[in-house]
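# Close look at the chain arrangement
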Amino acid sequence: MSIWYRPITLEELDRQSLGSMSEHLDIRFAEIGPDYLRASMPVDHRTVQPFGLLHGGASVTLAETLGSVGANCCVDGSRFYCVGQEINANHIRSARSGRVMGTARPIHLGARSHVWEIRIEDERGKLTCISRFTVAVVEAAQPKLLAEDKA
């Protein structure tokens, strides 16, 4: 059984990323499963710290991107949207090159909040970072009625 509110495609997710930090960091959506979402990010001049290691902030950006996109794909976008409330990350192992792959899976999908776990691995499948991300599910603003429409 799928957790997604409606069918989604990798092309749609990549298109939505245009003009955002995700595009700048070359985050690419890679796989949509029945209960998970995957994306990769390069370990290069955009994502490393001065010592040549993957920057922890870049890992958190990948994690938050996956969690936010995943959460928003689980709700009716005409009625709700999801916004980040809290994120934590434990940096387990460094990465110096290649691409890292993040996999986001929900731990809790509630009516008002979601909790997502994001695991980031290097090209050898070694865990580099694990993150937990909480989002609020917010009602989309309803259009205001004009005075003459209220009658």
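Residues numbered from 1 in each chain as written. Predicted model: local features only at pLDDT ≥ 70, side-chain atom pairs only at ≥ 80, totals over all residues. Heavy atoms only, no water.

## What about the overall build of the chain?
Inclusion rule: Secondary structure counts use DSSP, requiring at least four H or I residues in a row for a helix and at least two E residues in a row for a strand, with both numbered from the N terminus. Note that His is not counted, nor are the chain ends; the positive residues are Lys and Arg, and the negative ones are Asp and Glu. A charged residue contributes its charge at one atom only: NZ of Lys, CZ of Arg, CG of Asp or CD of Glu.
In terms of helices and strands, the chain carries three helices and six strands. Element order for the chain, N to C, with α for helix and β for strand: α-α-β-β-α-β-β-β-β. If one aligns the C-alpha atoms of the chain with their principal axes, the spans along those axes are about 65 × 30 × 30 Å. Side chains of the chain carry 17 positive and 18 negative charges; the gap between the two charge centres is 5 Å.

## A short note on the sheet that holds strand β5 (residues 113-121)
Our working rule: Two strands are counted as paired when DSSP detects at least two bridges linking them. Note on method: axes are straight lines fitted to C-alpha atoms, helices fitted across the in-contact stretch only, with angles between N-to-C directions ranging 0 to 180 degrees.
The strand order across the open sheet formed by six strands is β1-β2-β4-β5-β6-β3, and the pairing between neighbours is antiparallel. The open sheet has two edge strands, β1 (28-32) and β3 (80-91), and neither has a second partner. Averaged over all neighbouring strand pairs, the angle between strand axes comes to 25°, with direction disregarded. Relative to strand β2 (residues 37-42), β1 is paired through four bridges, and the arrangement is antiparallel. Residue I32 lies in a different strand from β2, and its bridge partner there is L37.

## Here we look at helix α3 (residues 56-72)
To keep things clear, this is the line we draw: To estimate the expected span of a helix, count its residues, drop one, and scale the result by 1.5 Å. Whether a residue is buried, partly exposed or exposed follows from its accessible area with a 1.4 Å probe, protein chains only, as a fraction of its type maximum: under 20%, in between, or over 50%, in that order.
The first and last C-alpha atoms of α3 sit 24 Å apart over 17 residues, in line with the 24 Å expected at 1.5 Å per residue. Buried within α3 are the following residues: A58, S59, T61, L62, A63, T65, L66, G67, V69, G70 and A71.

## A few points about the nonpolar core
Stated formally: Put simply, buried Ala, Val, Leu, Ile, Met, Phe, Trp, Tyr and Cys residues joined by side-chain atoms within 4.5 Å make one nonpolar core.
By size, the foremost hydrophobic cluster in this structure holds 32 residues, and its most contacted members are M41, L62, L66, V100, W116 and I118. Breaking this core down by element, the ones donating at least two residues are β2, α3, β3, β4 (99-109), β5 and β6 (127-139). Looking at which element gives the most residues to this core, the answer is α3, with six residues.

## Brief notes about unusual backbone geometry
The phi angle at D26 is positive, at roughly 60°, despite the residue not being glycine. A relative accessible area of 19% means that D26 is categorised as buried.

## Section: the pattern of salt bridges
Heads up, the rule is: In what follows, salt bridge is the name for a side-chain nitrogen of Lys or Arg lying within 4 Å of a carboxyl oxygen of Asp or Glu.
One pass over the full model with this rule turns up eight salt bridges. A salt bridge links R28 to D26; the shortest N-O distance between them is 2.9 Å. Under the relative-accessibility criterion, R28 is labelled partly exposed at 43%. If you follow the salt bridges from partner to partner, you end up with D26, R28 and R99 in one network.

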